[in-house]
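Here are the chains, one letter per residue:
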Amino acid sequence: RATSNHKVKETVALELSYVNSNLQLLKEELEELNSSMDVYQNDSESISVPMIPLGLKETKELDLLVPLKDFISEHYGEEGVLFEKEIKEFMELRQAMRTPSRNEAGLELLMEYYNQLYFLDSRFFPPSKTLGVFFHWYDSLTGVPSHQRALAFEKGSVLFNLGALHTQIGARQDRASLPGLNQAIDAFQKAAGAFNYLKENFSNAPSLDMSAASLTMLVRLMVAQVQECVFEKMTLLRAQNDFLARLQLAQEAARVEDVYSLVHQTMSQPHVKDYVPFSWTTMVHVKSEHFKALSHYFAAIALCDCPAPSDAELLEQEKAFLQFHVTMPEGPSLRALLQDPEERRKLGKAHLKKAIMKHEEAMRIHGLCKILRKMDILQEVLSFAHKRSLSKYSEIDHEEDFFETGEAPDIHPKTHQKPEIKSPNFSQVKVTDLFHRLGPLSVFSAKNKWYPARRVHLMRGENGFGFTLRGDSPVLIAGVIPGGCAAEAGLKEGDYIISVNGKDCKWSKHAEVVQLLKSTGKEGVDIGVITLQGSECPKAVDRKAAAMSSGSGMLKSNKENSRKSLMNSKSASTLLVWSKKSKRSKKSTYSGVPFTAVGDNEAMY
């Protein structure tokens, strides 16, 4: 559109078609790569249906050295070069986070970086200004690059990788053992929690894998994989072959079919269909048919292989069977059916007929996908289940059967262990603010602005320095006596003490600052102070409202802001290291004349 030159237009069109064809090839390669589920499977010799893991989002390297040094100089008034060690440490953490190991250590690394982003956000991302750096991430499934200046995109991408890593850990477990199954269930539940948390707390992501539709699909896929593990757990635990145990297995299988059907519907929606790998959609469809077949198979086994109930067992079996089918089977009453071996065989045969049909449908769908055809394990599982049902059908099929096998009703889905969506527990990985030397976040944050630091020389008068102090980290000048030494030196109510005689006091407790002031001789003391912009009018301050609860280290308004920012932050529970209340004595010490404006928690000097 930018030119009217036909030759230029033709050249550009040719270049674009070349780029598009390359992108299509890349998409096909990535699809095959993301669908190589066997890469993540365990090394056990036992046969388990493969699970679907996600590949991690890739990201470019990010150089924050200059932007953060500049911000420290401009906003905090500190020498940026003095914080090079902290900046490099943060960049090294980000570099390590790009390739986490597929284990607990990898998860902790991602969580540590995510928690560290909370501090980065508070320190360097003011509400009205960006840092000027772009965060580049590639789509997990298509490889298409996206970038944004917003730190939320970085946070969301790390959260996505946290969920993806859980899927890889879950897919690698040995599901032939109970511990392996429990670990797989836990991993897939945590993956579902990460994707669900991402969907609920981050919006307008520029990449398709983090869109609401994709995340909904991923949450449902993880829940389905949990449900599949629960079924496998049941087959391990319910080794006894009684009637009720087999009915429960049939209902568990029906539940797995139910959730995979929902996933398949979600994957077939317009905004998701063209994006999700065909092998995923096929795999989910195959599993849906496979588990439906298994539900009918176990129903047939319960009816045909278990003896008719005794009088003591009849009531319990009748009650279970009453809730077993979606619609009641045709023929005699349930009691008569359960007590008559021939009626049981007839209904069992109908269930097996349906099982065989569904097995064959699963194998047909499986054959449509080139990638799945390469997966010997899946082929083996489907083939084994199909042969087992055929063998059972041959065993119970009598030559003299002249009745037409009826239509078996569907089995009511039911599970004894409902999947739980486990949200990320950010507090499990404790982190400390890498940039804590800048001062307490309650004051020294990106959202606050203050006037340049002032150095004030104070001499002690007959009545002390003439001000009241309150709180700690940093200590606040809560009141200044008119005409006193502090007032004459230019100190104001609302100033924060950041140094005493050159010693940094941003993190100092109330008692430590008092001790430094008291230890000064006749030569006086040099005090460094800052004034927050917007807090210069002491008369407008309602002292009662500004009063603090005993032992607190910051103004109430700051404390509330701090609390609000923590609550707004998604990693609130983790990051309370810097805002813990310090307990100091309720006693206030006074030196000099009484000062009526001194509050309960203030001390005058």
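Now for a description of the structure that goes with this document. In every chain, residue numbers begin from 1 and rise along the written sequence. In keeping with the model being predicted, local features are shown solely for residues with a pLDDT of at least 70 and side-chain atom pairs are shown and tallied solely at 80 or more, while totals for entire chains, interfaces and linings include all residues. Side-chain figures throughout are based on the complete set of non-hydrogen atoms in the structure, without hydrogens or water.

1. Topic: the pairing of strand β5 (residues 475-480)
Applicable threshold: Working definition: with a 1.4 Å probe on protein chains only, accessible area under 20% of the residue-type maximum means buried, over 50% means exposed, and in between means partly exposed. We count a stretch as a helix when DSSP gives it H or I for four or more residues in a row; a strand needs E for two or more, and each element gets its number in order from the N terminus. Here a strand pair is declared whenever DSSP counts at least two bridges between the two strands.
Buried residues dominate β5, accounting for six of its six residues. Where strand β4 (residues 467-470) and β5 come together, four bridges link them in antiparallel fashion. Across the sheet, residue Leu-469 finds its bridge partner in β5, namely Ile-477. What sits between β4 and β5 in their antiparallel hairpin is a turn of four residues, with Gly-471 showing a positive phi close to 70°. Pairing geometry for β5 and strand β6 (residues 495-500), over two bridges, is antiparallel. Across the sheet, the residue bridging to Leu-476 is Tyr-496, located in β6.

2. Description of the nonpolar core
Here is the rule we go by: In plain words, nonpolar cores are sets of buried Ala, Val, Leu, Ile, Met, Phe, Trp, Tyr and Cys residues tied together by side-chain atoms within 4.5 Å. Every residue pair with non-hydrogen atoms within 4.5 Å of one another is taken to be in contact.
In this structure, Phe-124 and Phe-321 are the most contacted members of the largest nonpolar core, which totals 134 residues. For Phe-124, the residues in contact, after removing those within four places along its chain, are Leu-68, Phe-71, Ile-72, Tyr-76, Leu-131, Phe-435, Leu-438 and Ala-446. The next biggest cluster of nonpolar side chains, apart from the first, holds 19 residues, and it includes Val-456, Phe-465, Ile-497 and Val-513.

3. Some words on a nonpolar patch on the surface
For the record, the criterion: The patch calculation keeps residues exceeding 30% relative accessible area without a salt bridge and links them within 9 Å when they carry like charges or within 5 Å when they are nonpolar (Val, Leu, Ile, Met, Phe, Trp, Tyr). Accessibility throughout is a Shrake-Rupley quantity obtained with a 1.4 Å probe, and a residue counts as covered only by protein chains that appear here. By convention in these notes, a salt bridge is any Lys or Arg side-chain nitrogen within 4 Å of a carboxyl oxygen on Asp or Glu.
Residues Leu-178, Leu-236 and Leu-237 make up a contiguous nonpolar surface patch of roughly 230 Å² in combined accessible area. Take Leu-236: it is sitting in helix α7 (residues 212-237). Look at Leu-236 and you get partly exposed, because its relative accessible area is 38%.

4. Regarding the pattern of salt bridges
Within this structure, the stated rule accounts for 26 salt bridges. Glu-232 is the salt-bridge partner of Arg-175, the closest N and O atoms lying 2.7 Å from each other. With Arg-175 in the loop between α5 (151-172) and α6 (178-201) and Glu-232 in helix α7, the pair connects residues that are 57 residues apart, well separated along the chain. Overall, Glu-232 belongs to the buried group, its relative accessible area being 12%. For the salt bridge of Lys-349 with Asp-397, the shortest nitrogen-to-oxygen distance reads 2.5 Å.

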